[in-house]
Amino acid sequence: MLGGSSRRYAGVGDVVVGAVKDALPGGAVKKGEVVKAVVVRTVKERRRSDGSYIRFDDNAVVLLTPDSRNPRGTRIFGPVARELREKRFMKIISLAPEVL
(Lines give C-alpha, C1' and ligand atoms only; values in the text may rest on other atoms or scores of the structure.)
Protein backbone atom coordinates (compact mmCIF):
# COMPACT_ATOMS: atom_id res chain seq x y z
CA MET A 1 0.00 0.00 0.00
CA LEU A 2 2.76 2.43 0.94
CA GLY A 3 4.43 2.10 -2.45
CA GLY A 4 1.26 3.19 -4.22
CA SER A 5 -1.07 1.28 -6.49
CA SER A 6 -2.70 1.56 -9.88
CA ARG A 7 -6.03 2.69 -8.33
CA ARG A 8 -6.89 6.29 -9.17
CA TYR A 9 -9.85 7.06 -6.90
CA ALA A 10 -10.81 6.16 -3.35
CA GLY A 11 -14.33 5.87 -1.96
CA VAL A 12 -15.85 5.74 1.51
CA GLY A 13 -14.16 3.07 3.63
CA ASP A 14 -10.98 2.85 1.55
CA VAL A 15 -7.62 3.11 3.31
CA VAL A 16 -5.29 5.60 1.63
CA VAL A 17 -1.73 6.81 2.19
CA GLY A 18 -1.13 10.55 2.23
CA ALA A 19 1.14 13.33 3.42
CA VAL A 20 0.18 15.84 6.09
CA LYS A 21 -0.12 19.27 4.43
CA ASP A 22 -1.06 21.37 7.46
CA ALA A 23 -0.72 20.64 11.18
CA LEU A 24 -1.16 22.42 14.48
CA PRO A 25 2.03 23.25 16.39
CA GLY A 26 2.70 20.89 19.27
CA GLY A 27 0.41 18.23 17.82
CA ALA A 28 1.02 14.51 17.52
CA VAL A 29 1.14 14.73 13.72
CA LYS A 30 3.88 16.74 12.02
CA LYS A 31 3.80 18.47 8.63
CA GLY A 32 5.24 16.28 5.89
CA GLU A 33 4.59 13.05 7.76
CA VAL A 34 3.34 10.11 5.69
CA VAL A 35 0.18 8.68 7.26
CA LYS A 36 -2.50 6.07 6.64
CA ALA A 37 -6.10 7.26 6.68
CA VAL A 38 -9.59 5.97 5.96
CA VAL A 39 -12.03 7.97 3.82
CA VAL A 40 -15.17 8.81 5.84
CA ARG A 41 -16.91 11.41 3.62
CA THR A 42 -16.88 12.14 -0.13
CA VAL A 43 -18.59 14.75 -2.26
CA LYS A 44 -18.96 12.14 -5.02
CA GLU A 45 -22.24 10.31 -4.43
CA ARG A 46 -22.21 6.61 -3.56
CA ARG A 47 -25.02 4.24 -4.49
CA ARG A 48 -26.33 1.96 -1.76
CA SER A 49 -27.84 -1.49 -2.22
CA ASP A 50 -31.37 -0.18 -1.52
CA GLY A 51 -31.07 2.22 -4.47
CA SER A 52 -30.51 5.40 -2.46
CA TYR A 53 -27.49 7.67 -2.83
CA ILE A 54 -25.37 9.26 -0.10
CA ARG A 55 -23.35 12.44 -0.72
CA PHE A 56 -21.58 14.85 1.64
CA ASP A 57 -20.61 18.52 1.46
CA ASP A 58 -16.88 17.82 1.82
CA ASN A 59 -14.23 15.13 1.57
CA ALA A 60 -12.78 13.91 4.87
CA VAL A 61 -10.46 11.22 6.22
CA VAL A 62 -9.61 9.92 9.68
CA LEU A 63 -5.94 9.22 10.40
CA LEU A 64 -5.15 5.66 11.44
CA THR A 65 -2.42 4.19 13.62
CA PRO A 66 0.27 2.56 11.46
CA ASP A 67 -0.13 -0.93 12.94
CA SER A 68 -3.93 -1.23 13.25
CA ARG A 69 -7.27 0.05 11.95
CA ASN A 70 -7.87 2.28 14.98
CA PRO A 71 -7.96 6.10 14.73
CA ARG A 72 -4.99 8.13 15.97
CA GLY A 73 -7.21 10.77 17.55
CA THR A 74 -9.92 10.56 20.18
CA ARG A 75 -12.47 12.88 18.54
CA ILE A 76 -14.19 12.80 15.16
CA PHE A 77 -15.99 15.86 13.79
CA GLY A 78 -19.02 15.67 11.51
CA PRO A 79 -21.05 12.76 10.19
CA VAL A 80 -19.56 9.58 8.74
CA ALA A 81 -20.99 7.09 6.26
CA ARG A 82 -22.68 3.87 7.35
CA GLU A 83 -20.42 1.91 4.96
CA LEU A 84 -17.62 2.12 7.56
CA ARG A 85 -19.55 -0.39 9.69
CA GLU A 86 -19.41 -2.95 6.88
CA LYS A 87 -15.66 -2.33 6.54
CA ARG A 88 -15.23 -3.00 10.31
CA PHE A 89 -14.15 0.47 11.45
CA MET A 90 -16.16 0.14 14.67
CA LYS A 91 -14.06 2.55 16.76
CA ILE A 92 -14.66 5.35 14.24
CA ILE A 93 -18.40 4.57 14.19
CA SER A 94 -18.57 4.77 17.99
CA LEU A 95 -16.65 8.08 18.14
CA ALA A 96 -18.62 9.80 15.37
CA PRO A 97 -21.41 12.18 16.41
CA GLU A 98 -23.65 10.99 13.56
CA VAL A 99 -23.72 8.00 11.21
CA LEU A 100 -25.59 8.50 7.93
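Residues numbered from 1 in each chain as written. Predicted model: local features only at pLDDT ≥ 70, side-chain atom pairs only at ≥ 80, totals over all residues. Heavy atoms only, no water.

Caption draft 1: Broad picture of the overall build of the chain. If you tally the helices and strands in the chain, you get 2 helices and 5 strands. Moving toward the C terminus, one meets the helices and strands of the chain in the order β-β-β-β-β-α-α. Scaling as 2.2 N^0.38, a compact globule of 100 residues should have a C-alpha radius of gyration of about 13 Å, and the chain matches this with 14 Å. For the chain, the spread of C-alpha atoms along the three principal axes comes to 45 × 35 × 25 Å. Out of the 100 residues belonging to the chain, those deemed buried represent 28%. Restricting to contacts in the chain with at least 6 residues of sequence separation, those with at least 24 account for 37%. Here the chain displays about 7100 Å² of accessible surface, and carbon together with sulfur accounts for 51% of that area. Charged side chains of the chain number 20 positive and 11 negative; the gap between the two group centres comes to 3 Å. (Helix = DSSP H or I, 4+ residues; strand = E, 2+ residues; numbered from the N terminus. Rg over C-alpha atoms; globule rule 2.2 N^0.38 Å. Buried < 20%, exposed > 50% of the residue type's maximum accessible area, 1.4 Å probe, protein only. Contact = heavy atoms within 4.5 Å. Areas by Shrake-Rupley, 256 points an atom, 1.4 Å probe, with all protein chains shown as cover. Lys, Arg positive; Asp, Glu negative; His and termini not counted. Charge placed at Lys NZ, Arg CZ, Asp CG, Glu CD.)

Caption draft 2: Expanded view of the packing of aromatic side chains. One pass over the full model with this rule turns up 0 aromatic pairs. Here Arg-69 stacks its cationic end above the ring of Phe-89, 4.1 Å away from the centre of that ring. (Phe/Tyr/Trp six-rings, centres within 6.5 Å; stacked < 30°, edge-to-face > 60°. Lys NZ or Arg CZ within 6 Å of the ring centre and 35° of its normal.)

Caption draft 3: Here's a closer look at the layout of surface pockets. Put simply, the largest pocket is a space of about 680 Å³. Together, 20 residues line the largest pocket, and Val-29, Leu-63, Gly-73, Arg-75 and Phe-77 are the ones closest to its centre. Elements with a contribution of two residues or more to the lining of the largest pocket: strand S2 (34-41) and strand S5 (60-64). It is S5 that provides the largest number of residues to the lining of the largest pocket, a total of 4 residues. Looking at the lining of the largest pocket residue by residue, the class counts come to 13 nonpolar, 3 polar and 4 charged. (1 Å grid on protein atoms, 1.4 Å probe; cavity = no way out; pocket = protein on both sides within 12 Å on 5 of 7 lines; lining within 4 Å. Points joined across faces, edges and corners; volume = space filled by probe spheres on them. Nonpolar A, V, L, I, M, F, W, Y, C, P; charged D, E, K, R; others polar.)

Caption draft 4: Local environment of the nonpolar core. Among the nonpolar cores identified, the biggest contains 12 residues, and these are Val-38, Val-40, Ala-60, Val-62, Leu-64, Ile-76, Val-80, Leu-84, Phe-89, Ile-92, Ile-93 and Ala-96. Those elements giving two or more residues to this core turn out to be S2, S5 and helix H2 (90-95). Here the element with the most residues in this core is S5; it accounts for 3 residues. For Ile-76, the residues in contact, after removing those within four places along its chain, are Val-62, Ile-92, Leu-95, Ala-96 and Pro-97. (Core = buried A, V, L, I, M, F, W, Y, C linked by side-chain atoms within 4.5 Å.)

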